[in-house]
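The primary structure of each chain is shown beneath.
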Amino acid sequence: MTADMSQSSPSPDRDHPGVIAPPPLIYFGFLLLGWVLDAQVLHLRMPFDLTLPVKIGAVVLILVGLGLEMWAGGLFRRAGTNVVPWSPSTALVASGPYRFSRNPMYVGFTLVYLGLALGLQSPSALILLLPCLALMTWGVILREERYLAARFGQAYLDYKDRVRRWL
């Protein structure tokens, strides 16, 4: 389901949610910080070797995450709305993975992050996923939710009541 909502923007001078940073940059920053901490400062490694099952698991997480991101992003493009959160939203997408999660692209980023942290054998990156998700929630998702509620009104509030934020 895609609803075209041509309502006025939430504020006349800013028709975007005002996220603190691009979500891929947030994920990449935390992953890089964890990897650098382990490789250069703490010299930590996972308590297991990078065996074939672990490598396969890491690759599966990355591929599933990328697939989810592409599927969700493709639905945005087909609906004619912007994928990037610093541009106006012109349609509310509630089909495909958006039936199960209000943020399937961020779920995809999280899966990719987990796969890369495993592949890099970075326990610090795994630990830093928690503050990464907290920052994503506070600095991106809550801002997007306020924006979408102002932009799409009751249609978004009904969607928000039906579908969980993450899974």
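Residues numbered from 1 in each chain as written. Predicted model: local features only at pLDDT ≥ 70, side-chain atom pairs only at ≥ 80, totals over all residues. Heavy atoms only, no water.

**Student:** Looking at this model, I keep getting lost on the overall build of the protein chain. Mind explaining?
**Tutor:** For the protein chain, the helix and strand inventory stands at 5 helices and 2 strands. Helices and strands in the protein chain line up, N terminus first, as β-α-α-β-α-α-α. Counting the 167 residues in the protein chain, one finds 46% classified as buried. For the protein chain, contacts bridging at least 24 residues in sequence account for 80% of all contacts bridging at least 6. Here the protein chain has roughly 8900 Å² of accessible surface; of this, 67% comes from carbon and sulfur atoms. (Helix = DSSP H or I, 4+ residues; strand = E, 2+ residues; numbered from the N terminus. Buried < 20%, exposed > 50% of the residue type's maximum accessible area, 1.4 Å probe, protein only. Contact = heavy atoms within 4.5 Å. Areas by Shrake-Rupley, 256 points an atom, 1.4 Å probe, with all protein chains shown as cover.)

**Student:** So what exactly am I meant to see when it comes to the confidence of the model for the protein chain here?
**Tutor:** It should be kept in mind that the predicted coordinates are not to be read in detail where pLDDT is low. Predicted confidence across the protein chain gives a mean pLDDT of 89, with 90% of residues reaching 70 or more. Note on residues 1-12: pLDDT is under 50 here. Beyond four places in sequence and across chains, it has 27 contacts. (pLDDT = per-residue confidence, 0-100.)

**Student:** Is there a simple way to think about the nonpolar core in this case?
**Tutor:** Note on soluble globular proteins: their nonpolar side chains tend to be buried together. Residues Ile26, Tyr27, Tyr98, Tyr106, Tyr113 and Tyr159 are the most contacted members of the largest nonpolar core, which totals 31 residues. Only helix 1 (23-42), helix 2 (52-79), strand 2 (91-93), helix 3 (104-119), helix 4 (123-152) and helix 5 (154-162) provide two or more residues apiece to this core. A total of 10 residues in this core trace back to one element, the largest contributor, which is helix 4. When near neighbours in sequence (up to four residues on either side) are disregarded, Tyr159 contacts Leu92, Val93, Ala94, Tyr98, Ser101 and Arg102. (Core = buried A, V, L, I, M, F, W, Y, C linked by side-chain atoms within 4.5 Å.)

**Student:** Please explain helix 1 as it appears in this structure.
**Tutor:** Residues separated by three or four positions in an α-helix point in the same direction, a consequence of the helix having 3.6 residues per turn. An ideal rise of 1.5 Å per residue puts 28 Å on 20 residues; helix 1 measures up with 27 Å between its terminal C-alpha atoms. At Val36, helix 1 is deflected by roughly 25°, the largest bend along its length. Buried within helix 1 we find Pro23, Ile26, Tyr27, Phe30, Leu31, Gly34 and Asp38. Looking at the buried residues of helix 1, the elements they touch are helix 3 and helix 4. Phi turns positive one or two residues past the end of helix 1, at His43, with a value near 55°. (Expected span 1.5 Å × (residues − 1). Bend = angle between axes of the 7 residues up to and from the residue.)

**Student:** Just checking my understanding: could you explain the packing of helix 1 against helix 4 for this structure?
**Tutor:** Geometrically, a packed helix pair is captured by the angle between its two axes and the distance between the axes. Viewed as axis vectors pointing N to C, helix 1 and helix 4 meet at an angle of 155°, and their least axial separation amounts to 9 Å. Considering the angle they form, helix 1 stands roughly antiparallel to helix 4. Taken as a pair, helix 1 and helix 4 cross one another with a handedness that is right-handed. Of the residues in helix 4, those in contact with Pro23, Ile26, Tyr27, Phe30, Leu31, Leu33, Gly34, Trp35, Leu37, Asp38 and Leu42 of helix 1 are Pro123, Ser124, Ala125, Leu128, Leu129, Pro131, Cys132, Leu133, Leu135, Met136 and Val140. Across the contact of helix 1 with helix 4, the residue classes tally to 19 nonpolar, 2 polar and 1 charged. (Axes fitted to C-alpha atoms, helices over the stretch in contact; angles between N-to-C directions. Parallel < 35°, antiparallel > 145°, perpendicular 65-115°, else oblique. Left-handed = near helix turned anticlockwise from the far one by under 90°. Nonpolar A, V, L, I, M, F, W, Y, C, P; charged D, E, K, R; others polar.)

**Student:** Can you help me understand a nonpolar patch on the surface in this one?
**Tutor:** A cluster of nonpolar side chains, Leu25, Phe28, Leu32, Trp35, Val36, Leu116 and Leu120, forms an exposed patch at the surface whose accessible area comes to about 600 Å². A total of 5 residues in the nonpolar patch trace back to one element, the largest contributor, which is helix 1. Judged by its relative accessible area of 34%, Leu116 falls in the partly exposed class. (Patch = residues over 30% accessible without salt bridge, like charges linked within 9 Å, V, L, I, M, F, W, Y side chains within 5 Å. Salt bridge = Lys/Arg side-chain N within 4 Å of Asp/Glu carboxyl O.)

**Student:** Please explain the pattern of salt bridges as it appears in this structure.
**Tutor:** Once their charged atoms are close, side chains differing in charge can pair, the charge on each being opposite to the other. All chains considered together, the criterion is met by 3 salt bridges. Glu145 is the salt-bridge partner of Arg165, the closest N and O atoms lying 2.8 Å from each other. Of this pair, Arg165 sits in the segment after helix 5 while Glu145 is found in helix 4, placing the two residues 20 residues apart along the sequence. The class for Glu145 is buried, based on a relative accessible area of 6%. Among the charged side chains, a network of salt bridges with common partners joins Arg102, Glu145, Lys160 and Arg165.

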